[in-house]
Amino acid sequence: MKKEVVITTPYITLGQLLKMEDIIASGGQAKWYLREKSVFLNDEPENRRGKKLYDGDTVRVPDVGLFFIKSK
């Protein structure tokens, strides 16, 4: 699944994206999820829930989808 995620702030964190897209149920699960699953930011592995995502970034979550960050 490919999806464009529109943000109204300068950035969002990876944990916020996972929660916003219902990949995790709560923000507290982000640390566990990123430790157990592979997530790629701009084709590089990323495991920091506080990593800032900006306009133009892509996040790939295997078996879930590809997310394009777009600012409004």
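Treat the numbers as computed from the prediction; the structure is a model and nothing was measured.

Things to note about the environment of Ile-7
Relative to the helices and strands, Ile-7 is located in strand S1 (residues 2-7). Sequence separation between Ile-7 and Leu-66 is 59 residues, and the spatial gap between their C-alpha atoms is 16 Å. What Ile-7 contacts, discounting residues up to four positions off in sequence, is Ile-12, Leu-53, Ile-69, Lys-70, Ser-71 and Lys-72.

Considerations on the nonpolar core
Core analysis: the largest hydrophobic core is formed by 18 residues, its most contacted members being Leu-17, Leu-53, Val-59 and Val-61. Among the secondary structure elements, those contributing two or more residues to this core are S1, helix H1 (14-20), helix H2 (30-36), strand S6 (58-61) and strand S7 (65-71). In contact with Leu-53, other than residues within four places in its own chain, are Ile-7, Pro-10, Tyr-11, Ile-12, Thr-13, Leu-14, Leu-17, Leu-41, Val-59 and Ile-69.

Details of the sheet that holds strand S4 (residues 44-45)
As summarised here, the arrangement of the five strands in space is S1-S7-S6-S3-S4, forming an open sheet in which the pairing is mixed. Where the open sheet ends on each side, the last strands, each with one partner, are S1 and S4. Here S6 runs beside S7; their pairing, made up of four bridges, is antiparallel. Residue pairing across strands places Thr-58 opposite Phe-68, the latter belonging to S7.

Quick notes on the pattern of salt bridges
Taken as a whole and assessed by the stated rule, the structure comprises two salt bridges. In this structure, Glu-21 engages Lys-3 in a salt bridge whose closest nitrogen and oxygen atoms are separated by 2.8 Å. With a gap of 18 residues between them, Glu-21 in the loop between H1 and H2 and Lys-3 in strand S1 connect regions that are remote in the sequence. Judged by relative accessible area, Glu-21 falls into the buried class, the value being 16%. According to the relative accessible area criterion, Lys-3 is partly exposed, its value standing at 35%. For the salt bridge of Arg-48 with Glu-46, the shortest nitrogen-to-oxygen distance reads 2.7 Å. Classification of Glu-46 as buried rests on a relative accessible area of 11%.

Conventions and cut-offs
- Residues numbered from 1 in each chain as written.
- Predicted model: local features only at pLDDT ≥ 70, side-chain atom pairs only at ≥ 80, totals over all residues.
- Heavy atoms only, no water.
- Helix = DSSP H or I, 4+ residues; strand = E, 2+ residues; numbered from the N terminus.
- Contact = heavy atoms within 4.5 Å.
- Core = buried A, V, L, I, M, F, W, Y, C linked by side-chain atoms within 4.5 Å.
- Buried < 20%, exposed > 50% of the residue type's maximum accessible area, 1.4 Å probe, protein only.
- Pairing = 2+ DSSP bridges.
- Salt bridge = Lys/Arg side-chain N within 4 Å of Asp/Glu carboxyl O.

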